Amino acid sequence: MKTFIILLSSLFISWQITAQHSITGKAIDEKNQAAEFATVALLHAKDSSMVKANLTNVSGEYTFEKIAKGQYLIAISMVGYSRTFSQPFALQNEDVVVPTIILTTNTKQLDEVTVTAQKPFLEQRVDKLIVNVANSPASAGSTALEVLQKVPGLIMTQDRIAIAGKASVSIMIDGKPSQYTDMNQVLKDMPSNNIEKIEVIKNPSARYDASGGAIINIIMKRNANLGTNGSISLNLRGGLYNNTEVNRSANDAFGGISPNISINHRKGKLNIFGSYTYSKRTFFQISKISRTLGSDFFVNTTMNPEWAEVHNARAGIDFYADKKNTFGLLITGFDRNGNGTSNGTTDVTSVASGEIINRFNTLITQPIKRSNVGYNINWKHTFDTTGRELNVDFDYVNYRLNNQSTITTIDNGVERSNLQSVNNPVHFFTSKVDYTHPINPNSKFEAGGKVSFATIDNDLRFFRANVLDNKRSNIFNYKENINALYMNYNNKLGISWEIQAGLRAEQTVATGFSQAENKNVLDRNYWQYFPSVFLTRKINKNISVTTSFTRRIDRPSYQQQNPFEFQLDSLTFTRGNPLLRPQLTNEIKLQVTYDGQPFFALGYNKTTDVIIENAPQQNLETKQTFTTVENLATYKNYFVELNFPIKFGKNISGYGGNQLIYNAYNANYLGGVFDESRVNWLAYFNVNIKMVKNLSVELNGWYITRSQQQFWTINPMGALTLGLQQKVLDGKGKISLNFSDIFYTEKAKGFIKYQDIDLGYSNREGSRNVRLSFSYSFGNQKLKASRNRSTGSESEANRVKTN
């Protein structure tokens, strides 16, 4: 490793690069009005082949950055106007400003010429990896959660999304808060055909909220085309499973249907858009938990079939008041009804003889209702043509979670029933201001602030034989205020170096009141500081090297701080902890990119006060096992990543990659020291094959060896997915057929062995299925200009979870 770092250092000194500069210009019409959202193509002057494509902004201006020396010309297209070309020009050792281009009305109304370019599946930026999934056959008809499993370096452990080398992950949708009280649940319910791309931000800069070790930002499809346009789609899915182990059919059928419609209308200064998705599906989970307590061995096998009906809607309006001011309103709504009937059998055997001592059944019926409505008002002000602008957002989001569980235990013919109900309203209000100030063509300054208020009321009632159990019932009122300020500076140092540095300061004020104890069990007020630095060196026109340092915080979720006991069966429950502290992570990283693609990376991060989600405890006398949330450990992680392109001829392309990961945990717990470390390997690939005209095939797979995730040791697992996609109806329609987890290997297994705790766990779901999808785009699809905003409450929303 030392030799490799020395070689990289020598590259900084000895390699030369090709100079790159920017090209800017402006387009107007015959009335001297700005040509808004016109298609701009940068062409080679020699043969008119395309280099890059872009759009003009509301002022008619366009920019092409990081362009190599050469001879070029500009072509501009706009509906109702003739395609217009600039004079050829040379780009040498300085930036070029193209003379203003005047578009003339096309009286003959000739068919419009469009310039299209195929986006690469992966795009590596300085601070994030962009995964373009919109045209992926293997993703069609799947859910957002299934799409995320195809993203390089993302893995699923215990039904949670994780990034190799990261203690935690925050998930955004369009840079905005999730509309849901459980991110995993919404990702399972969201159809992938609505997703344009995914941004994986492993090292967020100071502009982002300091909470969360890494960020996954899901960018939804949205057109802002002139005129009226939209799309409709229908997704079907189904699978057959051999579930005889839980006394069900050898061909147990589960499936679902999900139609979607989105529409956009733009005319003049007004853009109105909206979408609606309905989903109804059935699914299941089979889990097996084994544990040894003294002389007894317990094995619980549970089948949990569920159904869910989901309505998801969003509507908005953008008003382009003038060249400098744009106002927007966005309303989102989500409603989910579901019901699960869990049936578990527990066998108790003697460790010495292996004979069955007892057997009892646990039945849990659990109707769940989640809903929310969110409002966002935003304003964008552009001061001048240099890029100086101000963005202001106000958000209010109201979440509701209602969950009622009836727990019935049948032991030796004796039936006992308990009831627990949860009413969990959550209210957020946030305001955010972001200011961008270009100092010169090579440097930029950003600053901003944010204020957020959250109120969470957790009302849990536990009834034992219809009698309220005051020990397991409580009302926990949590209030939180976070105030943040940040500044960020970006500067290109000559033609070879670029630096981005920032600092974020956050104040947290939080209180938690327990009505059962009639006192505040949580009272905090503290400031914390989060620096970030990114330094990039361009070795040549193909290779760049970036080194970075970031500091992040992970605050406990609101439910993790709730001191309730959530009973799973008569011998198993989970418990919250109101005294949890945030965990802090520092990371250094070195990354090499080739042609804008991720190539090589190595890094180290250390997390203190690690929030252990499921710290196990057990009681030999009562035979009870429970988990709680604790600040226990110090976590160290080292990782090495190597990615490579896959290309054979003109029709086969894709990528492959490997990560070598070392996780180490050290915790003082239950009077002993948990000191566990493990090296594991993660491999992944994605191959796209162009068959005959309009038909493509995609093969996607991943595999991870045995890994360490907190107290859990997770056994090897992986999956292989095959997708086919056929374009129809002149390219406006797509039919996709997808076979996911072909060999049904996406099954989680793990264990905990610490002191006298000996737990085993296995879980499988309906991951192997067939999906059929049809989508059709209508209306004007030619002049695209999206306006995706990041509102102010993304970090708060990611902390709303259900346990």
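Since the structure is predicted, the reported quantities are computational estimates derived from the model, not experimental observations.

**A look at the overall build of the protein chain**
Piece 1. Counting its regular elements, the protein chain contains four helices and 46 strands.
Piece 2. Counting all 803 residues of the protein chain, 54% fall into the buried class.
Piece 3. In the protein chain, once contacts between residues fewer than 6 apart in sequence are set aside, the share between residues at least 24 apart is 67%.
Piece 4. Summed over all atoms, the accessible surface of the protein chain reaches about 35100 Å², with 56% contributed by carbon and sulfur.

**Comments concerning the side chain of K589**
Piece 1. Position of K589 relative to the elements: it lies in strand β34 (residues 583-594).
Piece 2. Notably, K589 is buried but unbridged: the nearest opposite-charge side chain belongs to E587, and the N-O separation is 5.3 Å.
Piece 3. A distance of 3.3 Å separates the side chain of K589 from the side chain of Q591, its partner in a polar contact.

**Focus on the nonpolar core**
Piece 1. Counting residues in hydrophobic clusters, the biggest one holds 19 residues, and the most contacted among them are I23, L42, Y62, F64, I74, I76 and F89.
Piece 2. Contributions of two or more residues to this core are made by β1 (20-28), β2 (39-44), β4 (61-68), β5 (70-78) and β7 (89-91).
Piece 3. When residues in this core are grouped by element, the largest group, four residues, is from β5.
Piece 4. Aside from chain neighbours lying at most four places away, what touches F89 is I23, L42, G70, Q71, Y72, L73, I74, V96 and V98.
Piece 5. I612, Y665, A667 and I757 belong to the second-largest nonpolar core, a separate cluster that totals 17 residues.

**Quick word on the layout of surface pockets**
Left-over empty space is what a probe sized like a water molecule reveals as it rolls over the atoms.
Piece 1. The computed volume of the second largest pocket comes to approximately 340 Å³.
Piece 2. If you trace the second largest pocket, you find 15 residues lining it, with A34, E36, R266, G268 and K269 closest to the centre.
Piece 3. Across the lining of the second largest pocket, the residue classes break down as eight nonpolar, two polar and five charged.

**Things to note about the pattern of salt bridges**
Piece 1. Taken as a whole and judged by the stated rule, the model has 14 salt bridges.
Piece 2. With a closest N to O distance of 3.4 Å, D434 and K432 form a salt bridge. Here D434 matches K432 in class, with each residue buried.
Piece 3. In this structure, E506 engages R504 in a salt bridge whose closest nitrogen and oxygen atoms are separated by 2.8 Å.

**Structural notes on the pairing of β2**
Piece 1. Most of β2 sits inside the fold, with five of its six residues counted as buried.
Piece 2. In this sheet, strand β3 (residues 50-55) lies alongside β2 in antiparallel orientation, the contact comprising five bridges. Paired with V40 across the two strands is N54, which belongs to β3.
Piece 3. Between the antiparallel neighbours β2 and β3 lie five residues, among them S48 with a positive phi of about 65°.
Piece 4. Across six bridges, β2 lies against β5 in antiparallel orientation. Residue pairing in the sheet places T39 in a bridge with S77 of β5.

**Some words on the confidence of the model for the protein chain**
Piece 1. Taken over all residues, the pLDDT of the protein chain has a mean of 81, while the share at 70 or more is 80%.
Piece 2. The low-confidence segment residues 1-18 (pLDDT under 50) makes 26 contacts with residues lying over four places distant or belonging to another chain.
Piece 3. Ignoring residues within four places in sequence, the model shows residues 109-118, a span with pLDDT below 50, making 13 contacts including any to other chains.

**Re unusual backbone geometry**
Piece 1. Despite not being glycine, L670 shows a phi value in the positive range, around 55°.
Piece 2. The partly exposed category is assigned to L670, whose relative accessible area is 39%.
Piece 3. A positive phi angle, near 55°, is found at L729, a position not held by glycine.
Piece 4. Structurally, L729 can be placed in the loop between β42 (717-728) and β43 (733-740).
Piece 5. The class for L729 is exposed, based on a relative accessible area of 52%.

**Some points on the packing of aromatic side chains**
Piece 1. Under the criterion given, the structure shown has 20 aromatic pairs.
Piece 2. Ring plane angle 40° and centroid distance 4.7 Å describe the contact between Y604 and Y638, whose orientation is recorded as tilted. Taken as a pair, Y604 in strand β35 (residues 597-619) and Y638 in strand β36 (residues 624-648) lie far apart in primary sequence, 34 residues in all.
Piece 3. Here the aromatic residues Y241, F254, F284 and Y744 are joined through ring pairs into a cluster of three or more.
Piece 4. If you follow R266 out to its NZ or CZ, it ends over the ring of Y320, 4.3 Å from the centre.
Piece 5. It is R281 that lies over the ring of F283; its NZ or CZ is 4.3 Å from the centre.

**Details of the environment of L632**
Piece 1. Looking at where L632 falls in the secondary structure, it is placed in strand β36.
Piece 2. Each C-alpha atom of the pair L632 and N668 lies 6.6 Å from the other, and the pair is 36 residues apart in sequence.
Piece 3. The contacts of L632, once residues within four sequence positions are left out, are V610, I612, A615, N666, A667, N668, Y669 and F711.

**Considering the environment of I646**
Piece 1. One can find I646 in strand β36.
Piece 2. The spacing of I646 and V687 is 41 residues in sequence and 7.2 Å in space, taken between C-alpha atoms.
Piece 3. When neighbours within four sequence positions are excluded, I646 is seen to be in contact with I652, S653, G654, Y655, G656 and V687.

**Looking at the pairing of strand β45 (residues 757-765)**
Piece 1. In terms of strand pairing, strand β19 (residues 270-293) meets β45 through seven bridges, oriented antiparallel. Paired with K288 across the bridge in β45 is S762.
Piece 2. Here strand β44 (residues 748-754) pairs with β45 via seven bridges, running antiparallel. Note on β45: the bridge partner recorded for K753 is D758.
Piece 3. Where β44 folds back on β45, the antiparallel hairpin that results is connected by two residues, among which Q755 adopts a positive phi of roughly 50°.

**Points about a positive patch on the surface**
Piece 1. Together, K288, K747, K749 and R768 line one region of the surface with positive charge.
Piece 2. Mapped onto the elements, K747 comes out in the loop between β43 and β44.

**Focus: the environment of W379**
Piece 1. Secondary-structure assignment places W379 in strand β22 (residues 356-382).
Piece 2. Sequence spacing of W379 and G328 is 51 residues, and the spatial spacing of their C-alpha atoms is 6.3 Å.
Piece 3. Engagement of the side chain of W379 in a polar contact is seen with the side chain of N325, the distance being 3.0 Å.

Rules and cut-offs
Residues numbered from 1 in each chain as written. Predicted model: local features only at pLDDT ≥ 70, side-chain atom pairs only at ≥ 80, totals over all residues. Heavy atoms only, no water. Helix = DSSP H or I, 4+ residues; strand = E, 2+ residues; numbered from the N terminus. Buried < 20%, exposed > 50% of the residue type's maximum accessible area, 1.4 Å probe, protein only. Contact = heavy atoms within 4.5 Å. Areas by Shrake-Rupley, 256 points an atom, 1.4 Å probe, with all protein chains shown as cover. Lys, Arg positive; Asp, Glu negative; His and termini not counted. Salt bridge = Lys/Arg side-chain N within 4 Å of Asp/Glu carboxyl O. Polar contact = N/O pair within 3.5 Å; in protein donor to acceptor, adjacent residues only side chain to side chain. Core = buried A, V, L, I, M, F, W, Y, C linked by side-chain atoms within 4.5 Å. 1 Å grid on protein atoms, 1.4 Å probe; cavity = no way out; pocket = protein on both sides within 12 Å on 5 of 7 lines; lining within 4 Å. Points joined across faces, edges and corners; volume = space filled by probe spheres on them. Nonpolar A, V, L, I, M, F, W, Y, C, P; charged D, E, K, R; others polar. Pairing = 2+ DSSP bridges. pLDDT = per-residue confidence, 0-100. Phe/Tyr/Trp six-rings, centres within 6.5 Å; stacked < 30°, edge-to-face > 60°. Lys NZ or Arg CZ within 6 Å of the ring centre and 35° of its normal. Patch = residues over 30% accessible without salt bridge, like charges linked within 9 Å, V, L, I, M, F, W, Y side chains within 5 Å. Charge placed at Lys NZ, Arg CZ, Asp CG, Glu CD.

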